[in-house]
Every structure is written in structure tokens, then in C-alpha cells.
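Structural overview
This is what each chain is made of:
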Amino acid sequence: MSTPAPLRIGVLAPLSRPGWTEAGRHLLAGLELAADEITATGGITAAGGVGGRPLELLVRDTAADPRRAEAAVDELAALGAVALAGEYHSVVARAAAARAEALGVPYLCSSAVIDALTDEPAERVARLAPVQSQGWRLYAEFLLAEGHTRLAVATEPGAYWAAGTRILREHLAPRGGTVTEFDARALEPAALADALAAEGATALLLLTGFPGPAVELVRAVRGAARRDPRLAGVLIGAPAGQPEFAEWAELLGEEAGGVPFLRYLPARPTPLGARVEAALRARLGAAPSFVAFEGYDTVTVLADALRVHGTDRAAVAGAWPRVVVEGTRGEIRFTRPSPSAPVWQWAGPVQVADRDPADPTRFRTLRVR
């Protein structure tokens, strides 16, 4: 008996520098775990895979390069991928989404949050991660509740960082808050710490790449705070999620704690989330990040769309408003918040968390949407 042809899903992930490789590794672990489980058991069906056809992931490394992502989309489309999945970096996902829409290939973006994932409303693109404006507004509300109205941001050029700064400023300004920008490229970490002390801000947010210069900035500011009373009590924050990953704790040790960040997990795990967490932990050899759950949920959604609505590209793209599937972080449904919304969107969970200063291997939930 002939083997059924696999259903190919193209995967985009940052697996080499300058991409955020730990995020890419976690994303891929979640994608692969779900694909392996569905191919082995068929999920809710008796036959393995989707209608007896195995899932095959065609993985391409974007290395955080938009042009490389566009080339990968072209290649994966030519190879017959029925859908595309993945990506962590917002500027890369934007490039992939535009190319996928132009080629007529459905794309489920796993992790990128920038609001304008496409310049014009796209019918073939959907996203699991909450939009940046929702998450960063929650982060701004957390800062205000903690009494931080004078913020400083250490930032680098880029659409994602610029959007984050704008969201913070727009949310804080009506409440009397201010946001001062420091160019993380122009100032050495020690000089930036001095400038922060002179500014009088009570919080510094790291809108920068990881590990550098984010790790060096934490060390510089906390080292300066031990000598300069003007920096005593200054909060360091990282809304983009750098402290979520084990490398943060490995590099900063005892200084890894007390840096609030955004993560996309519910306050308490669902039963499915708890089972998948154990499987991901075994696969990764470490605690899975929220990005790994995003990867798992991505393949779960695509498998459901293929199983219920059809295995051609048009059927998958047309399934976004009809998908109802249980993910690791709750029930997943896609909507368009407005006719001008760029893509089909899931309103998933958002929380502000940090690593416990007393034990940086433990996470604390500080605020939940």
C-alpha cells in the first residue's frame, strides 16, 4: 500500500544570529511536538495525521533577516507548502506576511506582535500572539500602578522598538507620565546609567536586542545604583520578554530577578497546557517559554483547519473565522476587531511577570489581562 503524501507546512524561525536563537529553538520545539503528536495519533481521529496524511514541517532559518524570510516564503510556496507558520521577530514576520499574502499562501504567525503585521488588510494571514498595543498598554498600566510616571527607554532603531515607545508615551501622557529616550547605540552602558541618574526617571525599559546590549545595561545600572543614591530603587523593565528565557538567568545570575516583562500565558495552566508543558520540558531539557506554547498552538490550529475545512490553500485561508480549537492557553478563535484590522487575530492571554529576586529560577505573576 502506498504511503499517503504528507501535508507540508512551511516553518519560519530565527535559528541563527543575529536572530533571537533561544526563542527560535523554543518555537520550533512547540511546532515539532504538535506535528509529531498529530502525525502519530491524528488528534481526535483514529487515523494518524490529518485524514491519514502525516504532517511534514519544512523548516527555514530566517536569522532575523526580512529578505531571507521573503526568499524562504518563495521557496516554501514552490515546494507545495499548504500553509506557513512561525516566526518570532516582528519585522521579519511583516515581510513574510506580505509575501505570503501576495502568493496566496495562508500564514499563521506564531509570535510576532507588532500591530501592523501587514500594511493592508490581509485575508490569508492570521496571528496567535496578542497585538503589541494591548500588551504594552497592560505593561504601562502596571508601571503606573507601581508609581512610575517618569520613564526612560534605552532603545535601538527598528519599527518594533519605535512602536513600543509610541504606545508607552501615548498611554502615559494623559496620566501625567513622561518617556525619555536614550540611544543604546550611541551611549555606552556606564554612560547611559549616568544619563539615567541625571534624568531622574524611576524606571528604565530595555527596548534593545538580547543578549547585547540588554545584559550589559542591567549590569551597568545595577552596579551604578550601588554607588549612586539617585539610582536607588530604579526599576529595570523589559516588556519585549527578554527575561523569559533561560539565557537571561544564566548570563545575569543573581541580577536576573526583578525585571518585569510581558509573557503570553494564562494565570493558571489549562489541563492541556500542563500536559504539553511536561512534554516540552522533556524535549527542551528546560522549562518551556511562552514561545514554545505558541508553536504548539500554531500546528494545532493548522491541523484543525486542514482536517475540518480542507487541505488546499484556499480552504485553510478561508477557515480563519471558523476555527474553534482548544489550545494550550485556552480556546482559540480568530476575529477581526475592525474591518481595517490587518489580519485575523486571537485575543490570547497576557501577563506581566518577573523572575523572583530571591530565586531567579522562579517566575512571579504581577498583573494579568
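Above this note sits the structure.
This report concerns the structure included in the present document. (Residues numbered from 1 in each chain as written. Predicted model: local features only at pLDDT ≥ 70, side-chain atom pairs only at ≥ 80, totals over all residues. Heavy atoms only, no water.)

1. Here's the deal with the packing of aromatic side chains
Taken as a whole and assessed by the stated rule, the structure comprises ten aromatic pairs. Each ring, one from Trp136 and one from Tyr160, has its centre 5.8 Å from the other, and the planes form 85 degrees; the classification is edge-to-face. One end of the pair, Trp136, is in helix 4 (residues 132–145); the other, Tyr160, is in helix 5 (residues 159–172), with 24 residues separating them in the sequence. Through a chain of ring-to-ring contacts, the aromatic side chains of Trp20, Tyr88, Phe210, Phe245 and Trp248 assemble into a single cluster. Lying over the aromatic face of Phe363, Arg263 brings its terminal NZ or CZ to 4.4 Å of the ring centre. Positioned above the aromatic ring of Trp344 is the side chain of Arg336, whose terminal nitrogen or guanidinium carbon lies 4.8 Å from the ring centre. (Phe/Tyr/Trp six-rings, centres within 6.5 Å; stacked < 30°, edge-to-face > 60°. Helix = DSSP H or I, 4+ residues; strand = E, 2+ residues; numbered from the N terminus. Lys NZ or Arg CZ within 6 Å of the ring centre and 35° of its normal.)

2. Some words on the sheet that holds strand 15 (residues 359–368)
Read from one edge to the other, the open sheet built from three strands follows the order 10-14-15, with strand pairing classed as antiparallel. At either end of the open sheet lies a strand with only one pairing partner, and these are strand 10 (261–263) and strand 15. Strand after strand, the sheet turns through a mean of 45 degrees between neighbouring axes, direction not considered. Inspection of the sheet shows strand 10 paired to strand 14 (residues 351–356) by three bridges, in the antiparallel sense. When the bridges of strand 14 are listed, Leu262 appears paired with Val352. Here helix 4 sits on the sheet in contact with strand 10, strand 14 and strand 15, set at roughly 95 degrees to strand 15. (Pairing = 2+ DSSP bridges. Axes fitted to C-alpha atoms, helices over the stretch in contact; angles between N-to-C directions. Contact = heavy atoms within 4.5 Å.)

3. So, the environment of Arg25
Inspection of the secondary structure assignment puts Arg25 in helix 1 (residues 21–41). Arg25 sits in the partly exposed class, given a relative accessible area of 41%. The residues contacting Arg25, other than those within four sequence positions of it, are Leu15 and Leu284. (Buried < 20%, exposed > 50% of the residue type's maximum accessible area, 1.4 Å probe, protein only.)

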